[in-house]
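Structural overview for review
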Amino acid sequence: QVQLVESGGGLVQDGGSLRLSCAGSGRTFSDLVMGWFRQGPGKERDFVAAISRNGGSTYYGESVLGRYTISRDNAKNTVYLQMNSLKPEDTAVYYCAARWSPKTTVLYTDLDGYQYWGQGTQVTVSS
């Protein structure tokens, strides 16, 4: 089993920045492909970003490309999501997700690609 705990959410003004963190435990962190998803009010949970096991590859959803950066520190068992130029439409609960994939370089963008989920952290962007 993998446990994921997100932190760093909060209230920020339009154009502001936040950095989310997700700490993992339960398995070797470097064996995990990591992702971030978000779910806005009344909306489905959507893909935000993914990062490979060693951090060498990343992939982003179109709506956040150029504004968000995903990174990881395997020594600290943590993945980050730096969010810049935030907009009110970025308001959502942000979820960290993990897939145990010790032998693959594939990045996953679908909900079904991930086995483990955090509890989510609220991000609210005011206009």
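Before going further, it helps to spend a moment on the pairing of strand β5 (residues 45-51). A large share of β5 lies buried, amounting to 5 of its 7 residues. As defined by bridge partners, strand β4 (residues 32-39) adjoins β5 across 6 bridges and the pair is classed as antiparallel. Bridge pairing links Phe-37 to Phe-47 in β5. Hairpin remark: β4 followed by β5, antiparallel, with 5 residues in the connecting loop; positive phi at Gly-42, about 70°. Of the pairings in the sheet, the one linking β5 to strand β6 (residues 58-60) comprises 3 bridges and is antiparallel in character. When the sheet's bridge partners are listed, Ala-50 is paired in β6 with Tyr-59. A loop of 6 residues connects β5 with β6, the two strands running antiparallel in sequence, and Gly-55 in this loop sits at a positive phi of about 85°.

Inspection of every chain in the model, using the stated rule, returns 2 salt bridges. Across the salt bridge formed by Asp-90 and Arg-38, the nearest N and O atoms sit 2.9 Å from each other. With Asp-90 in the loop between β8 (78-83) and β9 (92-100) and Arg-38 in strand β4, the pair connects residues that are 52 residues apart, well separated along the chain. Considered together, Asp-90 and Arg-38 belong to a single accessibility category, that of buried residues. Across the pair Arg-67 and Asp-90 runs a salt bridge, and its minimum N-O distance is 2.7 Å. Of this pair, Arg-67 sits in the loop between β6 and β7 (68-73) while Asp-90 sits in the loop between β8 and β9; the two residues are 23 residues apart in sequence, bridging distant segments of the chain. Side by side, Arg-67 and Asp-90 carry an identical accessibility label, which is buried.

Criteria and thresholds
Residues numbered from 1 in each chain as written. Predicted model: local features only at pLDDT ≥ 70, side-chain atom pairs only at ≥ 80, totals over all residues. Heavy atoms only, no water. Buried < 20%, exposed > 50% of the residue type's maximum accessible area, 1.4 Å probe, protein only. Helix = DSSP H or I, 4+ residues; strand = E, 2+ residues; numbered from the N terminus. Pairing = 2+ DSSP bridges. Salt bridge = Lys/Arg side-chain N within 4 Å of Asp/Glu carboxyl O.

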